[in-house]
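Now for the letters of each chain:
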Amino acid sequence: MESLRNAPLDMRISALLDNEISEPERIELEALLAADPQARALNDMLRKADDEARLAFKTMLKEPVSLDLVRSIKTATPPRRAVRLPQARRPRWHLRPSFSLVCAASLLMFGFGTAAGYMVAGRPHMVTYGDMAGDPVRAWLDDVASYYRLYSRQTRHLVEVPASESAHIVDWLMATTGVSFRIPNLSADNLDFVGARLFSAGGRPVGQLVYRNREGEVIAVSFTKLIAPQSQQPDAPPLRQTIRDDIGLVTWQGLQASYVVTGPSSDAELDTLAAKIAGII
Amino acid sequence: MSDKNPKTDIRRDLVGFLPQIRRFAMALTGDASGIDLLVVKACEEAVAKSHLWRNEQRLDRWVFTLMRALWNNGAFAQPTEGCDKQQTTGRTAGGFSGHPVLDSLPHTSAPVYLLCAVEGLSYAETAAVMGITPDAVAVRMLLSRRELAAQKSHASERRA
């Protein structure tokens, strides 16, 4: 606060009562009060007014405070604080590897690596997804045999497209299987062309030409796009005959397709018939 | 007076200071009606901001400052009525609190006088609470004392 030396007397006295004047000013003012009766009277008047006012203000503290007010303050919402839950101290583990420990760990890892390499090298024929899927030729033949067993017992629904629609059969199966073929005429072998159907074998579309002999037995010629090109062995027979229960299968491979003739295993002429078909189809 | 750790709950201390806080509210507003609402609001704000309260600061002075800010914000301001009454009665004093000492003081000087002469705050501390300069505090203290002395002499004359 600035100097009150030039302020009115009552202001200086007021500041003196509040102890807000500097020490030299206080000494000067107290000397004035001692010498001037009017100033002293003013000082006394202000001091007494102060005393009475303080007493009156002190009386105000005795006023009762309502319980509602106390309750509202006691139930005021305190600020939210982040609460840290007590947690058990985790033991700290300091890694201080010694030279010998590093050498031992290195040797151990080298040993593991060597063993893993040896095991991999010792098993060159590991099982692949292809192996797990099995031989595609075998899978194809399995499906063909299954379908033959199912459809050969059908009478009304033996084929999808009857023999009367031969031209359509050729177009349809060529477009679907991707194999160009001709419908062999096997009437000389007492086989009547009944019609054709399409099914899936080994995950591939298979076209099937269905014939029936005089005894009512069904002979089917199935073909699909070449499954797996095999190296032609000069001494290997072009036809391979297998028998599965009561079904006989004669298979061969052409340039662009795999073929199988299916019929009753009791038919002794099945391989001869297959050889004839192989020359025509 | 209130050297509590700021992390402790200040609500108990506030309740302990309630008479002083109410008295300051009455001096600030010059009107007894509605001061409890102002007190509650100031205390709630103090509790909500208790994390901002510095340990070295007296709690009551901090609440006085919050209350004065609330009053100045206008949410609880009602000086118009008091001014009208002053004009009609020709008094220079403040409101109608029911306490002669308060009613005899100019309404802007009453809280200053209370803080300085009764609560024992220095001019600088009072200025900080009231948001005014220390010189303004000195002037208001003088005006208050003049008014109190005049009221006293009037009373003496009436008794005579």
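Computed from a predicted model, the values in this text were never measured in an experiment.

Before going further, it helps to spend a moment on the overall build of chain A. A tally of regular secondary structure across chain A gives 9 helices and 7 strands. Within chain A, the proportion of its 281 residues that are buried is 23%. Partitioning the intrachain contacts of chain A with sequence separation of at least 6 by distance along the chain shows that 52% fall at a separation of at least 24.

Now for the overall build of chain B. Each helix and strand counted, chain B has 9 helices and 0 strands in total. Listing each helix as α and each strand as β along chain B from the N terminus yields α-α-α-α-α-α-α-α-α.

With that settled, consider helix H9 (residues 270–280) of chain A. Along H9(A), the residues classified as buried are A:Leu270, A:Leu273, A:Ala274 and A:Ile277. Down the axis, H9(A) shows its buried residues gathered within 100° of arc, on one side only.

Here helix H2 (residues 18–29) of chain B is 12 residues long and its end C-alpha atoms lie 16 Å apart, about the 16 Å a rise of 1.5 Å per residue gives. Taken together, the buried positions of H2(B) are occupied by B:Ile21, B:Arg22, B:Arg23, B:Phe24, B:Ala25, B:Met26, B:Ala27, B:Leu28 and B:Thr29. Close packing links the buried residues of H2(B) with helix H3 (37–60) of chain A together with helix H3 (35–48), helix H4 (59–73), helix H6 (100–103) and helix H7 (110–118) of chain B. B:Gly30 occupies a position one or two residues after H2(B) and carries a positive phi of about 70°.

This part takes up the packing of helix H4 (residues 67–74) of chain A against H3(B). The interhelical angle for the contact between H4(A) and H3(B), taken along N-to-C directions, is 15°, at an axis separation of 9 Å. The pairing of H4(A) with H3(B) is recorded here as roughly parallel in orientation. Once H4(A) is placed against H3(B), the crossing between them reads as right-handed. Contacts from A:Leu69, A:Ser72 and A:Ile73 of H4(A) reach H3(B) at B:Asp36, B:Val39, B:Val40 and B:Cys43. Class assignment for the residues of the contact of H4(A) with H3(B) results in 5 nonpolar, 1 polar and 1 charged.

It is worth spelling out the sheet that holds strand E5 (residues 240–244) of chain A at this point. Residues and elements named next belong to chain A. Overall, antiparallel pairing links the 7 strands, which are arranged E1-E2-E3-E4-E7-E6-E5 in an open sheet. Because the sheet does not close on itself, it has two edges, and the strands there are strand E1 (161–162) and E5. Direction of pairing for strand E6 (residues 247–253) relative to strand E7 (residues 257–264): antiparallel, over a ladder of 7 bridges. From the neighbouring strand, Thr-251 faces E7, where its bridge partner is Val-260.

The subject of this paragraph is the pairing of strand E4 (residues 218–225) of chain A. All names here are of chain A. Burial analysis of E4 places 7 of its 8 residues in the buried class, the great majority of the element. Hairpin connection of strand E3 (residues 204–213) to E4: 4 residues between the antiparallel strands, including Gly-216 at a positive phi of 85°. Sheet topology places E4 next to E7; 6 bridges connect them, and they run antiparallel. Note on E7: the bridge partner recorded for Lys-225 is Ala-257.

On to the interface of chain B and chain A, then. As a measure of interface size, the accessible area lost when the parts come together is often cited. Listed by partner, the interface residues are 37 residues for chain B and 32 residues for chain A. Of all the elements in the fold, those that place two or more residues in the side of chain B that touches chain A are helix H1 (11–16), H2, H3, H6, H7 and helix H9 (134–159) of chain B. Among the elements that make up the side of chain B that touches chain A, the one with the highest residue count is H9(B) (10 residues). Each residue belonging to the side of chain B that touches chain A can be placed in one class, and the counts come to 22 nonpolar, 5 polar and 10 charged.

This brings us to the environment of B:Arg145. Locating B:Arg145 in the fold gives a position in helix H9. Taking C-alpha positions, B:Arg145 is 8.6 Å from B:Leu105, a pair spaced 40 residues apart along the chain. Other than its neighbours up to four places away in sequence, B:Arg145 contacts A:Ser14, A:Leu46, A:Ala49 and A:Asp50.

A separate point is the confidence of the model for chain B. Residue and element names in this part refer to chain B. This prediction gives chain B a mean pLDDT of 79; 79% of its residues lie at or above 70. Below pLDDT 50 for its whole length, residues 1–6 participates in 12 contacts with residues either more than four positions away or in separate chains. Low pLDDT, under 50, characterises residues 79–94; the stretch is placed with 22 contacts to residues that sit more than four places away or in other chains. The ipTM, which scores confidence in the relative placement of chains, is 0.81 for this predicted complex, and the corresponding pTM is 0.50.

Core analysis: the biggest nonpolar cluster contains 56 residues, and B:Ala25, B:Val63, B:Met67 and B:Cys116 have the highest contact counts within it. Ranked by the residues each element gives to this core, the list is headed by H7(B), at 8 residues. Beyond its immediate chain neighbours, meaning those up to four positions away, B:Met67 contacts B:Phe24, B:Ala25, B:Leu28, B:Leu38 and B:Ala42. Among the nonpolar cores identified, the runner-up in size contains 34 residues, and A:Val159, A:Leu173, A:Leu209 and A:Ala274 belong to it.

It is worth spelling out the environment of A:Arg12 at this point. Residues and elements named next belong to chain A. Looking at the element boundaries, Arg-12 is found in helix H1 (residues 9–17). Counting along the chain gives 17 residues from Arg-12 to Leu-29, while the straight-line C-alpha distance between them is 7.8 Å. Once residues within four sequence positions are removed from consideration, Arg-12 is found in contact with Leu-4, Ala-7, Ile-21 and Leu-29.

Our next topic: unusual backbone geometry. All names here are of chain A. A positive phi angle, near 60°, is found at Asn-19, a position not held by glycine. As for its position among the elements, Asn-19 is in the loop between H1 and helix H2 (23–35). Here Asn-19 falls in the exposed class, since 10 other C-beta atoms lie within 10 Å of it. For Asp-245, which is not glycine, the phi torsion reads 55° and is therefore positive. Position of Asp-245 among the secondary structure elements: in the loop between E5 and E6. The class for Asp-245 is exposed, based on 8 C-beta atoms found within 10 Å.

Thresholds, definitions, all that
- Residues numbered from 1 in each chain as written.
- Chains lettered and ligands numbered in written order.
- Predicted model: local features only at pLDDT ≥ 70, side-chain atom pairs only at ≥ 80, totals over all residues.
- Helix = DSSP H or I, 4+ residues; strand = E, 2+ residues; numbered from the N terminus.
- Buried ≥ 20, exposed ≤ 12 C-beta atoms within 10 Å, placed from the backbone.
- Contact = placed C-beta atoms within 7 Å.
- Arc of directions from axis to C-beta.
- Expected span 1.5 Å × (residues − 1).
- Axes fitted to C-alpha atoms, helices over the stretch in contact; angles between N-to-C directions.
- Parallel < 35°, antiparallel > 145°, perpendicular 65-115°, else oblique.
- Left-handed = near helix turned anticlockwise from the far one by under 90°.
- Nonpolar A, V, L, I, M, F, W, Y, C, P; charged D, E, K, R; others polar.
- Pairing = 2+ DSSP bridges.
- pLDDT = per-residue confidence, 0-100.
- Core = buried A, V, L, I, M, F, W, Y, C linked by C-beta atoms within 7 Å.

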